[in-house]
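# Coordinates in review
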Amino acid sequence: MNAIHPIVLHGLIYGGAIATVLLTLTAWGIWFERKFAGRMQSRLGPTLVGWVGLLQPLADAAKLLQKEDLIPDQADRTLYLASPPLTVFFTLATVAVIPVSVDVAVANLPIGVLWILALGGLMVFPVWTAGWASANKYALLGGMRAVAQGISYEIPMVLSALVPVIFAGSMDVNEIVTWQAEHHWLVLGPGLFAFVIFFVSSLAEANRIPFDIPEAESELVAGVTTEYSGMRFGLFYMAEYLHTLVASAVASALFLGGWNGLFGLADGIHWMLAKTLALFFMITWVRWSLVRFRSDQLMRLCWTYLVPISLALVMVSALWVYYEPMLGGH
Amino acid sequence: MTLASAARLGVDPHRDLTDYDPEADLMVLNMGPQHPSTHGVFRVKLYLDGETIVRAVPYVGYLHRGVEKLLEELTFVQATPIVDKNDYVSPMTNEQAINMAFEALLEVEVPRRARYMRTLFAEMSRISSHLLWLATFGIDMGGALGGGTTLFLHCFREREYILDLFELVTGARFHYNTHTIGGNRHDIPAGWAKRVHQALDLIASRVDEYLDLSTKNAIFVARTRGVGTLPAKLALELGITGPILRASGVDHDLRRDAPFHAYDEIDVKVQTEQAGDCLARAHVRIRELSESIRLSKLLVDGLPEGPICGGRPIKNPTQFKAKDGQAYVALETPRGELGTYVIGGGGNKGASPYRLKIRPPSLHALAAMPYLLVGGTISDAVVILGSLDPIMGEADR
Amino acid sequence: MLKAEAYRALLESDFGVQEFSDKTPPCIEASEHHRLAATLKERGYTLYGFVAATHMPAVKGAADALELAGHYEVATGLRCPTAGSHIAIWRVRLGLDEELRTLVDLFVGADWQEREQYDLVGVRFADHPDLRRLMLPEDWEGHPLHRDYPIDTPHPPWR
């Protein structure tokens, strides 16, 4: 034990715990989504495996594990094999800086927001390489669309994530949450529009409907994941839900006050969980109601609407923070 | 995409390139025959420049089962269940088409009650066909996992009511084999009219829900407005009929213009749009759905009494014989003009047709693909194919 | 109906048709086929209807030369898409090695329909831009709806 540095030990224990909780939430998030989708469509969703189908994620995992391990003959082996675990890795790594409770995080980086946004950008790469390495035209098209969409929507995401940074005066996520605990939740004030833009951009980054053209099933068979089977496909599938949960967690921390409680109730991890799951529910609801955008319409939405608005928001926030003390604080 | 602009773009839909011009640097992508969205086994070879389609070459015939040849061996009486499987989404109209052709050839009268029943079944079939079209159109746009599926399941839920009604009359949910030469084989049971009203009222009340999920949904409109515009002149030359022609501005509907069966006694309000794009086609079909609900209620209330079959009851497969004669009879199906051209005097001492040609509206609609797809993206290709509503069983026979 | 009578009058005056029957569509000369379609298109028959080819095998001791040798009969229909929608149908009789002039330059829809008749029956269309099989695979041999097509023997290329 003396040989391991305390920071490393802290990281391993907390990281392991948070990752375990997150992956469990992902698995049962899938269950919830299927039940919710079923109810929206006048049917029941999974019911056979376990009480109200609660063991369905385990059944899905078992099914995927026992499938044949296929690698297309002409595929680029290294990239093909590396892409699925990398998607999960980059997504999970984002969680390192999110405070799940008061001063409880895997790492309280002073540049936490930058860490989140940088990894968000890196997440595009494994999807892209999966598309290219599959040696399949549908996958290639899916990968190219993913890159275009991913890098375009990073810009409004970065700009809208700057608004909490400007208000709190720090890029440390725990400090942002503390600022919100002391003042007010950012979404209940000037950060509302920034929250909306951040939410929409996260949907696009996570490739969720209405932004799911990289894996548009009706057009591109299965898009980027066409040539993947078994647990490799399972990793992509899991990464999608994980990314959704992580994006919800990040949005809750940056805009909804993280572990801070409402109405003076005790702060803690339960609030963080509640907010994350509430946003996850919203994302699921949107998914099962809307049809998808065409890729050029999606680009137009980003560049002609979201980017200028988020730029304006950054300027407005800066001016607000500068002039607020002079106008008398709240 | 007009004929002139197709020529200017160097698009020649008649030609298929076996190897593409290397200077053009085009990617060849095969959509189908196995694809989640090609509405049956249909293949279209796309030549892509990035994501824009430069040329599209469709291939049909994957579902060719030799129905016309088969019907030369079978007798008139045996044809109905075979033809059921052509346009498998609205089987009632298939049966009606072929039996009308045989009645014209054999000069058999159809009693008034049977004419009303056939018209009623055709209109209900039209409702269920348009519901299925809307469902699959939603899936094409929203994917099998997503908002499209919600629309899909809602439409299928309604369609089940109509299939239940058909089951009460004929015993089958699909593929009924209920029409025969001279009329129908199954009569309507007691209390059926009331159930028809209940089911249709339910569907009518939910049409608003469909509109919310489709033509009033901003993303749906963005995906379909201005996409796949079909000029009226091209549509007429291709022989396209039905909702597609009406969405391009041509006011033509066989139910009103060349009425057959009970259509000469009721008033059909023909729905047209001017734009000719996918959104216009969607509007026309949904409005036709409402119109068919109204017509079905009129028909079921005004059903006259009487016999349901004018020909002799079937005891022997070869009992109807035609020595000679030729007849062409066309009727309006949910896809357009389904025509049957039959020449009498075939095998089995005249009990089989000599030649039976089925004019499928879906094949004419698919011939528009090379003109409509050029200049769009793959996403548009899927939406356009969905809006043309082809049924491969009918197109290929 | 007004349109049916006008059609009949047109055939009598311009195309020399004398025999009309209720049971079969009127028959015109093969060389007049394209001209009739063009005339009708000008008169408002702009909706392409159908084309149906039939192979009539040789009849021994027939009076008519075509019937003696075996011939193709091609029926074409064009519709007028206005009120009182009327479909004008006519037949053409062709020798087995003759070609019928295509209607593709008038109606683009004739492209696939004529290809299908070539594919299934075997009748060829002159000046067609791309006469190849539509329904059957490209390497299929024979025309299934031709009366000489053997269906009781194992016939290549279907193994």
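Please read these numbers as outputs of a predicted model, since none were measured by experiment.

Glancing now at the overall build of chain A. Within chain A, the regular secondary structure consists of 12 helices and zero strands. Secondary structure elements of chain A, listed N to C terminal, follow the sequence α-α-α-α-α-α-α-α-α-α-α-α. For chain A, whose C-alpha radius of gyration is 20 Å, the value lies close to the compact-globule estimate of 20 Å for 330 residues. Projected onto its principal axes, the C-alpha coordinates of chain A cover approximately 65 × 50 × 50 Å. Accessible area of chain A: about 14900 Å², with a carbon and sulfur share of 73%. Taking the average place of the 16 positive charges on the side chains of chain A and the average place of its 21 negative ones, the gap between the two points comes to 12 Å.

The next subject is the overall build of chain C. Along its length, chain C carries four helices and six strands. When the helices and strands of chain C are listed from N to C terminus, the series reads α-β-α-β-α-β-β-β-α-β. Based on the C-alpha atoms only, the size of chain C along its principal axes is roughly 55 × 40 × 25 Å. Buried residues in chain C amount to 56% of all 159 residues. Across chain C, contacts joining residues at least 24 apart in sequence account for 53% of those joining residues at least 6 apart. Across chain C, the mean location of the 17 positive side-chain charges is 4 Å away from that of the 26 negative side-chain charges.

The next point concerns the confidence of the model for chain C. Mean pLDDT over chain C: 84, with 94% of residues reaching 70 or higher. In the model output, the complex is listed with pTM 0.84 alongside ipTM 0.89.

Here we take up the environment of A:A249. All names here are of chain A. If you trace the backbone, A249 turns up in helix 10 (residues 230-255). For A249, a relative accessible area of 11% gives the class buried. In this structure the C-alpha to C-alpha distance between A249 and E33, which are 216 residues apart in sequence, comes to 17 Å. A249 has contacts with I98, M272 and T276, leaving out every residue within four places of it along the chain.

Summed over the entire model, instances satisfying the criterion amount to 27 aromatic pairs over all chains. A ring pair is formed by A:F32 and A:F36, whose centres lie 5.9 Å apart and whose planes are at 10°; its orientation type is stacked. Here A:F32 pairs with A:F36, and both are found in helix 1 (residues 6-40), just four residues apart, close to one helical turn. Judged by relative accessible area, which is 16%, A:F36 ranks as buried. Between B:R285 and the ring centre of B:W133, over which it is positioned, the NZ or CZ distance is 4.8 Å. In this arrangement the basic side chain of C:R147 is found over the ring face of B:Y354, its NZ or CZ atom lying 4.1 Å from the centre.

Turning our attention to the interface of chain B and chain A. In this complex, chain B contributes 40 residues to the contact, which on the side of chain A involves 24 residues. At the boundary of chain B with chain A, total buried surface from both sides reaches about 2700 Å², with 57% on carbon and sulfur atoms. Applying the counting criterion to the chain B and chain A interface returns three residue pairs in polar contact (both at pLDDT 80 or more). With seven residues, helix 6 (residues 147-170) of chain B is the largest single contributor of residues to the side of chain B that touches chain A.

We note that B:N177 has phi near 55°; this positive angle belongs to a residue other than glycine. Along the polypeptide, B:N177 turns up in the loop between helix 6 and strand 4 (179-180). Residue B:N177 is classed as partly exposed on the basis of its relative accessible area, which comes to 23%. Although it is not a glycine, C:D127 adopts a positive phi angle of roughly 65°. For C:D127, the location among the structural elements is in the segment after strand 6 (124-126). Accessibility expressed as a relative area gives 60% for C:D127, which makes it exposed.

Right, let's talk about the sheet that holds strand 2 (residues 43-49) of chain B for a bit. All names here are of chain B. If you walk across this open sheet you meet the three strands as 1-2-3, and the pairing is antiparallel. If you trace the sheet from one side to the other, it starts and ends with strand 1 (27-31) and strand 3 (52-59), each paired once. Mean inter-strand twist for the sheet, computed between neighbouring axes without regard to direction, equals 20°. Looking at chain direction, strand 2 and strand 3 are connected through seven bridges and run antiparallel. Each residue of the ladder has a partner; that of Y47, found in strand 3, is R55. Across the sheet, helix 16 (residues 378-388) touches strand 1, strand 2 and strand 3, and the angle it forms with strand 1 is around 30°.

This part covers the pattern of salt bridges. This model, assessed by the stated rule, comprises 42 salt bridges over all chains. The salt bridge involving B:R355 is made with B:E68; its shortest N-O contact spans 3.1 Å. Highlighted residues: B:R355 in strand 8 (residues 355-359) and B:E68 in helix 2 (residues 67-73), separated in sequence by 287 residues. A salt bridge links C:R124 to C:E99, with the nearest nitrogen and oxygen atoms 3.6 Å apart. Taken together, the residues span a long stretch of sequence, with C:R124 in strand 6 and C:E99 in strand 5 (residues 99-101) at a distance of 25 residues. Take C:R124: its relative accessible area is 37%, and that puts it in the partly exposed class. When salt bridges that share partners are traced, they join B:E123, B:R126, B:R246, B:D253, B:R255, B:E288 and B:E332 into one network.

Residues and elements named next belong to chain B. Taken in spatial order, the three strands of this open sheet run 6-7-8, and their pairing is antiparallel. On the outer flanks of this sheet lie strand 6 (326-333) and strand 8, each paired with one strand and no other. Averaged over all neighbouring strand pairs, the angle between strand axes comes to 15°, with direction disregarded. Here helix 4 (residues 91-106) sits on the sheet and contacts strand 6, strand 7 (336-343) and strand 8; the angle it forms with strand 6, its principal contact strand, is near 155°.

Let us look at the interface of chain C and chain B. Counting residues at the interface gives 50 residues for chain C and 46 residues for chain B. For the chain C and chain B pair, buried surface summed over both sides reaches about 3900 Å², with 57% attributable to carbon and sulfur atoms. Counting the surface chain C buries against chain B, the share from its top three residues, C:K23, C:W112 and C:M135, is 18%. In this assembly, chain C and chain B are joined by six salt bridges. Across the salt bridge formed by C:K23 and B:D324, the nearest N and O atoms sit 3.9 Å from each other. Counting across the chain C and chain B interface gives 19 residue pairs in polar contact (both at pLDDT 80 or more). Those elements that provide at least two residues to the side of chain C that touches chain B are strand 2 (47-56), strand 3 (71-80), strand 4 (86-95) and helix 4 (110-120) of chain C.

By the element assignment, C:R79 lies in strand 3. Each C-alpha atom, one on C:R79 and one on C:G49, is 5.8 Å from the other, the two residues being 30 residues apart in sequence.

Bringing the arrangement of the chains into the picture now. Between chains B and C lies the most contact-rich interface of the two pairs of chains that touch. A minimum C-alpha distance of 25 Å separates chain A and chain C, which share no contact.

Bringing the nonpolar core into the picture now. B:V60, B:F102, B:W192, B:L366 and B:L373 are the most contacted members of the largest nonpolar core, which totals 187 residues. Of the residues forming this core, the biggest block, 13 residues, is contributed by helix 5 (residues 112-142) of chain B. Each residue touching B:L373, except ones within four places of it in the same chain, is listed here: B:V44, B:L46, B:I53, B:A56, B:A381 and B:I384. Of all hydrophobic cores here, the second largest spans 37 residues; its members include C:Y48, C:V123, C:L131 and C:L136.

This part is about the side chain of B:R113. Relative to the helices and strands, B:R113 resides in helix 5. When residues no more than four places from it in sequence are discounted, the contact partners of B:R113 are B:D187, B:I188, B:L303, B:P304, B:E305, B:G306, B:P307 and B:I308.

Calculation rules
Residues numbered from 1 in each chain as written. Chains lettered and ligands numbered in written order. Predicted model: local features only at pLDDT ≥ 70, side-chain atom pairs only at ≥ 80, totals over all residues. Heavy atoms only, no water. Helix = DSSP H or I, 4+ residues; strand = E, 2+ residues; numbered from the N terminus. Rg over C-alpha atoms; globule rule 2.2 N^0.38 Å. Areas by Shrake-Rupley, 256 points an atom, 1.4 Å probe, with all protein chains shown as cover. Lys, Arg positive; Asp, Glu negative; His and termini not counted. Charge placed at Lys NZ, Arg CZ, Asp CG, Glu CD. Buried < 20%, exposed > 50% of the residue type's maximum accessible area, 1.4 Å probe, protein only. Contact = heavy atoms within 4.5 Å. pLDDT = per-residue confidence, 0-100. Phe/Tyr/Trp six-rings, centres within 6.5 Å; stacked < 30°, edge-to-face > 60°. Lys NZ or Arg CZ within 6 Å of the ring centre and 35° of its normal. Buried area = accessible area lost by both parts, 1.4 Å probe. Polar contact = N/O pair within 3.5 Å; in protein donor to acceptor, adjacent residues only side chain to side chain. Pairing = 2+ DSSP bridges. Axes fitted to C-alpha atoms, helices over the stretch in contact; angles between N-to-C directions. Salt bridge = Lys/Arg side-chain N within 4 Å of Asp/Glu carboxyl O. Core = buried A, V, L, I, M, F, W, Y, C linked by side-chain atoms within 4.5 Å.

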